[in-house]
Amino acid sequence: MANKAAAVKYLRQSQKRRMRNKPVRTFARSTVRDALDAIDDAVDSQEWTDADDAIQRAVSALDRAAQRGVIHANTAARRKSRLLRQYHASRNPDATFRPRTRPPEPARTPN
């Protein structure tokens with residue numbers, strides 16, 4: 001347990017923030033999971049409209065969570081990128097996804 005009044009207050013604030021952020025984070029995770037399931041179902045049935053809708057909902061939920069500060073913006077971008085990469089690979093399995101065409105920049109040396 002916290003020993004100082006400021007630590008007690010910070011504990012109260014963090015618990016309040018956690019309770020406020022939890023449903024947003026849970027919704028984002030569940031929509032991504034639903035989108036992945038929809039992709040799997042679409043691969044079997046070749047009917048992509050449900051998968052398109054599920055992906056749109058997942059991207060929207062991730063953007064909303066990032067906008068509210070529940071998850072970091074880069075985390076949302078990474079999850080969207082992975083989701084869409086899996087979608088495109090499943091939708092067009094014959095396509096070859098090439099890496100970046102531009103070579104990476106050399107590392108900087110400390111001065």
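Worth saying up front: this structure is predicted, and the values here are computed from it rather than measured.

**Comments concerning unusual backbone geometry**
Its identity is not glycine, yet Gln46 carries a phi of approximately 60 degrees, on the positive side. Looking at the element boundaries, Gln46 is found in the loop between helix H1 (5-45) and helix H2 (49-67). Given a relative accessible area of 54%, Gln46 falls into the exposed group.

**As for a positive patch on the surface**
Positive charge collects at one region of the surface, where Arg29, Arg33, Arg78, Arg79, Arg82 and Arg85 lie side by side. Breaking the positive patch down by element, the ones donating at least two residues are H1 and helix H3 (73-91). At four residues, H3 tops the list of elements feeding residues into the positive patch. With respect to the helices and strands, the residue Arg82 is situated in helix H3. Arg82 gets classed as partly exposed once you look at its relative accessible area, which sits at 49%.

**A word on the pattern of salt bridges**
Following the criterion strictly, the structure yields two salt bridges and no others. Notably, a salt bridge pairs Asp52 with Arg91, separated by 3.7 Å at the nearest N-O pair. Of this pair, Asp52 sits in helix H2 while Arg91 sits in helix H3, placing them 39 residues apart in sequence. According to the relative accessible area criterion, Asp52 is partly exposed, its value standing at 30%. The exposure class assigned to Arg91 is partly exposed, which follows from its relative accessible area of 41%. One salt bridge connects Lys80 with Asp63, and the closest N-O pair in it is separated by 2.5 Å. Here the residue Lys80 occupies a position in helix H3, and Asp63 occupies one in helix H2, the gap between them amounting to 17 residues.

Reading the values: the criteria
- Numbers given for residues are sequential positions, taken from 1 along each chain in its written order.
- Reporting of local features is limited, given that this is a predicted model, to residues whose pLDDT is at least 70; pairs of side-chain atoms are given and counted only at 80 or more, and all residues count toward the totals for whole chains, interfaces and linings.
- Side-chain descriptors were evaluated using all non-hydrogen atoms of the structure, hydrogens and water having been removed beforehand.
- Starting at the N terminus, helices and strands are each numbered in turn, a helix being any DSSP run of H or I of at least four residues and a strand any DSSP run of E of at least two.
- Exposure categories follow from relative accessible area, calculated using a 1.4 Å probe and restricted to protein chains: below 20% of the type maximum is buried, above 50% is exposed, and the middle band is partly exposed.
- Candidates for patches are residues over 30% relative accessible area with no salt bridge; among them, like charges are joined within 9 Å and nonpolar side chains (Val, Leu, Ile, Met, Phe, Trp, Tyr) within 5 Å.
- For the accessible areas, the method is Shrake-Rupley and the probe is 1.4 Å, while residue cover comes only from the protein chains on display.
- Salt bridges are defined by distance alone: a side-chain nitrogen of Lys or Arg within 4 Å of a carboxyl oxygen of Asp or Glu.
- Note on charges: Lys and Arg go in the positive column, Asp and Glu in the negative column, and His and the chain ends are not counted at all.
- All charge positions are set by atom: Lys at NZ, Arg at CZ, Asp at CG, Glu at CD.

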